[in-house]
Amino acid sequence: MNNQIVLAQLNGRPEIFHSLQGEGVSIGVPSVFVRCSGCNLQCRWCDTEYTWNWLGTKYIHDKDRPDHPAKHDRSAVQTRLSPGEVAKAVNLYCCDNVVFTGGEPMLQQDQLTEVARILRGTNIEYEFEVETNATILPHPEFDELITRYNVSPKLSNSGMLHSSRLIPETIAAFVQNPKAVFKFVCSEAGDEEEIAAFERDYRVPRRRILVMPEAIDQRSLEQRRSVVFELCKASGWRYTDRLHVAIFGDRRGV
Ligand code: SF4
C-alpha cells in the first residue's frame, strides 16, 4: 500500500502550519493544521479549491471568470510526505491540538491514523480534530484517535447533487457519534429551511448545530454575518464566525 499522504503545497512546502482554529466549537484554540489535498466534492464556493480544481477538469467555481477559469496546476499545488514526515513537521510546533483538514481528509484516513499514532506516541496529550464533509465513514482505528469531528454537510448552495453531498447512513453514523458537531455554511435565502430539515430528518440535537456565513473574503463576511447572527438567535443554533476570513481575507497558510 502506498502510505504517502497527499498534501496541499504552498510556496514549495507542504501546507502544515501553526495558527488558531478559525471556526467551530474550538474557535481560537492554537492548532497545527495539516491540509490534505483532494476532495470527493466540488463546492462552488469552496475556499480551498486549490485542493481539487485542477487544470483539465470541468468543475465550476465562483472564482471562475468568463475568459479565465480558476484552475490549478496539480503538480504545483500538491506534494507527498510519509506519515512519519508529517508527524515530524507537526512536532516542530509546541502545540498539541492538530486539525486534519483539506480538501477531504477522510479520503486519507488510513495514513492519518498512522500520523496520529506516531504523535500520540511522542505526547499522550495530542488531540485531533477532523474537518469533514460527512460523506465518508471513519474506520474504528481512526475514530479511536479522534477528539472531534467538525462535520460540514453541504447544502444545495454548494451546487452539488443531493445524492453526492448527503449520504444518509454516513450522516446517521456521525449523529450517533458524540464526537461530531455539525457546521453549516449559510449563503442564501432558503438555507435555514435546509438546515432545519437536516436537524429534523437526522434528529440532530440542536446544541450540536453551528452555522456560519459563507465568505471567501472580508467584504462578503461583513455582508452576511449579521444575517446569520439573527438567524441563529431565532432558531437556537450556535453561531460561529470565521476568524481567518475576518482577519486575513482570502489568504492561505495563516
Ligand atoms: S467538501 Fe469542503 S473541501 Fe470539498 S469542495 Fe466542498 S467545501 Fe471544498
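Quick look at the structure, then.

The subject of this paragraph is the site of the ligand. Taken together, Cys39, Leu41, Gln42, Cys43, Trp45, Cys46, Thr48, Trp52, Gly103, Asn133 and Lys154 make up the full set of residues adjacent to the ligand. Spatially, the ligand is embedded in the largest pocket.

What follows covers the layout of surface pockets. Volume-wise, the largest pocket comes out at about 900 Å³. Along the wall of the largest pocket there are 43 residues; nearest its centre are Glu23, Arg35, Asp47, Thr48 and Gly102. Of all the secondary structure elements, the ones that give two or more residues to the lining of the largest pocket are strand E4 (30-35), strand E6 (97-101), strand E7 (127-132), strand E9 (180-186) and helix H9 (243-248). Per-element accounting of the lining of the largest pocket gives the leading share, three residues, to H9. Grouping the amino acids of the lining of the largest pocket by side-chain chemistry returns 17 nonpolar, twelve polar and 14 charged. The calculated volume of the second largest pocket comes to roughly 310 Å³. In this structure, the second largest pocket is lined by 15 residues; those nearest its centre are Arg13, Pro14, Glu15, Ile16 and Tyr93.

Our focus in this paragraph is the sheet that holds strand E1 (residues 5-10). Within a sheet, each strand pairs with its neighbour through backbone hydrogen bonds, oriented either parallel or antiparallel. Within the open sheet, the three strands sit side by side as E2-E1-E5. Their pairing is antiparallel. The sheet is open, and its two borders are formed by strand E2 (13-14) and strand E5 (78-81), each paired with just one other strand.

Turning our attention to the pattern of salt bridges. For the structure on display, the rule yields 15 salt bridges. Taking the shortest distance from any N to any O, the salt bridge between Lys183 and Glu23 comes out at 2.9 Å. You can see Lys183 sitting in strand E9 and its partner Glu23 sitting in the loop between strand E3 (16-20) and E4, a full 160 residues away along the chain. Two residues, Lys233 and Glu230, come together in a salt bridge whose shortest N-O distance is 3.6 Å. Taken together, the residues span about one helical turn, with Lys233 and Glu230 both in helix H8 (residues 218-235) at a distance of three residues. Using a relative accessible area of 60% as the deciding quantity, one classes Lys233 as exposed.

Reading the values: the criteria
Per chain, residues are indexed from 1 in the order of the written sequence. Where local features are concerned, this predicted model is filtered to residues with pLDDT of at least 70; where side-chain atom pairs are given and counted, the filter is 80 or more; whole-chain, interface and lining totals use all residues. With hydrogens and water set aside, each side-chain value is computed from the structure's full complement of heavy atoms. The nearness test applies per residue and asks whether one of its heavy atoms lies within 4 Å of the molecule or strand. In this analysis, the protein atoms alone were mapped onto a 1 Å grid. Cavities are point sets where a 1.4 Å probe fits without being able to get out; pockets are open sets with protein on both sides within 12 Å along at least five of seven lines; lining residues have an atom within 4 Å of a point. Molecule-in-pocket calls rest on the fraction of atoms, with more than half required to lie within 2 Å of the cavity or pocket grid points. Grid points are joined across faces, edges and corners, and a volume is the space filled by probe spheres set on the points. Secondary structure counts use DSSP, requiring at least four H or I residues in a row for a helix and at least two E residues in a row for a strand, with both numbered from the N terminus. For this classification, the nonpolar set comprises Ala, Val, Leu, Ile, Met, Phe, Trp, Tyr, Cys and Pro, the charged set comprises Asp, Glu, Lys and Arg, and every other residue, Gly included, is treated as polar. Two strands pair if DSSP finds at least two bridges between them. Definition used for salt bridges: Asp or Glu carboxyl oxygen within 4 Å of a side-chain nitrogen of Lys or Arg. Buried means the residue's accessible area, taken with a 1.4 Å probe over protein chains only, is under 20% of the maximum for its type, while exposed means over 50%, and partly exposed covers the values in between.

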